[in-house]
Amino acid sequence: MKRLAVFASGTGSNFQALVGAAASNDLQAEIALLVCDNLNAPVLEKAKQVGVPVFAFNPKEFDSKAEFEVSILEQLQFYNIDLIVLAGYMRLVGTTLLEAYPNKIINIHPSLLPSFPGKDAIGQAIRSGVKITGVTIHYVDQGMDTGPIIAQKAIAIEKDDTLSDVEAKIHQVEHSFYPEIIGKLVNRRFESETSVN
Ligand code: GRF
C-alpha cells in the first residue's frame, strides 16, 4: 500500500477527511506522516488524536527553505513516503522536495484554476462576481498553483451566498473529492499529468 505524507499549516479538515478515507479503505493508501510548518496549527491535535506521526517545525529556525526541506526530506525517507499531498500547506514547495518527488506532489486549491490562484481564492472569486467557482486538484511545480491540472469540480455561487457559505460548500466537496482522486491516482501508479475526470 502506498504511503502518503500530508502537508498542512492550519485547520486540517482535509487531513481529517483523508485519514477517515484511509481508515475506511476508500483511499487505498496509508496516511503515514503529517508535515506541518506551524507549531500552533489545530491540525497537530487532530494528528495526535488519530495517531499519525507528525513532523512539525518553525521555518524561522532555519536559514533557508532548502535547509528546512532537507529536514523534511529526512523524515519522508525515514517514513518511506511515496506521495506528498498538500492540504492547506501555505508555502511554495522548493527544489529540494520537487526534485526528490517528481510528479509525486499534489495540491488541492479552492478555485477553478487558472482563475484565482494564491491566497483567499474564495474571497477573490466572490469579489470578482463569478457565478461558478470550484475545486482544483493539481500536480505541484515551482509556481503558485500553476502545475498540471488533474481534476476539477464546479460549485455555484448563489446570489445571497456569504464567504462562509461558499467556504462550507467548497470544504464539503473537497472532503470527498480529494480522497476520490487520490484513490484513482494511487491505482494508476501516480503517472504524471494523468487527468482522472
Ligand atoms: C482548503 O480549502 C484547501 O483547498 C486550501 O486550503 C484549505 C485547507 O483547509 N488549499 P483545511 O486546513 O484542510 O481545513
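The structure we're discussing is the one just above.
Figured I'd write up the structure that's included with this text. All values derive from a computational prediction rather than experimental measurement.

Rules behind the numbers
Think of each chain on its own: its residues are numbered from 1, step by step along the sequence as written. Reporting of local features is limited, given that this is a predicted model, to residues whose pLDDT is at least 70; pairs of side-chain atoms are given and counted only at 80 or more, and all residues count toward the totals for whole chains, interfaces and linings. Side-chain descriptors were evaluated using all non-hydrogen atoms of the structure, hydrogens and water having been removed beforehand. The axes are straight lines fitted to the C-alpha atoms, using for helices just the contacting stretch, and the angles between their N-to-C directions are given from 0 to 180°. Under the scheme used here, helices are H or I runs from DSSP no shorter than 4 residues and strands are E runs no shorter than 2 residues, and both carry numbers assigned from the N terminus. Note on terminology: angles under 35 degrees are roughly parallel, angles over 145 are roughly antiparallel, angles of 65 to 115 are roughly perpendicular, and the others are oblique. Here a crossing is taken to be left-handed if its near helix is turned anticlockwise relative to the far helix by less than a right angle, and right-handed if that turn runs clockwise. Any two residues whose heavy atoms approach within 4.5 Å at even a single point are treated as in contact. Residue polarity follows a fixed list, in which Ala, Val, Leu, Ile, Met, Phe, Trp, Tyr, Cys and Pro are nonpolar, Asp, Glu, Lys and Arg are charged, and the others, Gly among them, are polar. Burial classes follow relative accessibility: with a 1.4 Å probe on protein chains only, a residue under 20% of its type's maximum area counts as buried, one over 50% as exposed, and anything between as partly exposed. Two strands form a pair only when DSSP identifies at least two bridges running between them. For this analysis, a nonpolar core means a set of buried residues of the types Ala, Val, Leu, Ile, Met, Phe, Trp, Tyr and Cys, connected via side-chain atoms within 4.5 Å. A pair of Phe, Tyr and Trp rings is counted when the ring centres sit within 6.5 Å of each other, with Trp represented by its six-membered ring. The angle between the planes then sorts it: under 30 degrees is stacked, over 60 is edge-to-face, the rest tilted. Look down the strands so they point away from you; if the path from the first strand over the helix to the second goes clockwise, the crossover is right-handed. Distances are taken per atom, and a residue is near a molecule or strand as soon as one of its heavy atoms is within 4 Å of it. The term polar contact refers here to a pair of N or O atoms within 3.5 Å; inside protein, the definition further demands a hydrogen-donor-capable atom paired with an acceptor-capable atom, and it admits residues adjacent in sequence only when both atoms are side-chain atoms. Accessibility throughout is a Shrake-Rupley quantity obtained with a 1.4 Å probe, and a residue counts as covered only by protein chains that appear here.

Axis separation between helix α5 (residues 121-128) and helix α6 (residues 163-187) bottoms out at 10 Å; the angle between their running directions is 125 degrees. Looking at the two axes, α5 sits oblique to α6. At the point where α5 passes α6, the crossing takes the right-handed sense. Along its contact with α5, which presents Ile122, Gly123 and Ile126, the element α6 presents Leu163, Val166, Glu167 and Ile170. Of the residues assigned to the contact of α5 with α6, the class counts are five nonpolar, one polar and one charged.

Next up on the list: the pairing of strand β6 (residues 132-139). Regular strands place their side chains on alternate faces of the sheet. By the criterion of burial, β6 is predominantly enclosed, with seven of the eight residues buried. Judged from the four bridges that link them, strand β5 (residues 105-109) and β6 form a sheet pairing that is antiparallel. Bridge pairing links isoleucine 106 to tyrosine 139 in β6.

As summarised here, the arrangement of the seven strands in space is β3-β2-β1-β4-β5-β6-β7, forming an open sheet in which the pairing is mixed. Two strands close off the open sheet at either side, each with one partner strand: β3 (54-56) and β7 (149-156). Ignoring which end each strand starts from, the neighbouring axes of this sheet average 20 degrees apart. Its contacts with the sheet place helix α2 (residues 43-50) against β1 (2-8), β2 (29-36) and β3, and it is angled at close to 145 degrees to β2.

Moving on to the nonpolar core. Judged by nonpolar contacts, the single largest core of 43 residues is most densely connected at Phe15, Leu27, Ile31, Leu34, Ile106, Tyr178 and Ile182. The leading source of residues in this core is α6, at nine residues. Ignoring any residue separated from it by four or fewer positions in sequence, one finds isoleucine 182 in contact with Leu4, Leu18, Leu27, Val85 and Ile106.

Attention now goes to the packing of aromatic side chains. A full pass over the atoms with the stated rule returns six aromatic pairs. Ring geometry for phenylalanine 55 against phenylalanine 57: centres 5.6 Å apart, planes inclined by 20 degrees, an arrangement best described as stacked. Taken individually, phenylalanine 55 and phenylalanine 57 each receive the classification buried, so the pair is uniform in this respect. Here phenylalanine 57 falls in the buried class, since its relative accessible area comes to 4%. Grouped by ring-pair contacts, the aromatic residues Phe55, Phe57, Phe62 and Phe68 constitute a single cluster.

Across the seven residues that make up β1, a large majority, five, are buried. Here β1 runs beside β2; their pairing, made up of seven bridges, is parallel. Note on β2: the bridge partner recorded for valine 6 is leucine 34. Crossover β1 to β2 through helix α1 (residues 13-23) is right-handed. Sheet topology places β1 next to strand β4 (residues 83-86); four bridges connect them, and they run parallel. Residue leucine 4 lies in a different strand from β4, and its bridge partner there is leucine 83.

Around the ligand lies a shell formed by Thr11, Gly12, Ser13, Asn14, Gly88, Ile108, His109, Pro110, His171 and Glu174. Here an oxygen atom of the ligand and a backbone polar atom of asparagine 14 are 2.8 Å apart. Protein coverage of the free-state accessible area of the ligand, which is 370 Å², stands at 85%. The residue inventory of the shell around the ligand, partitioned by class, reads two nonpolar, seven polar and one charged.

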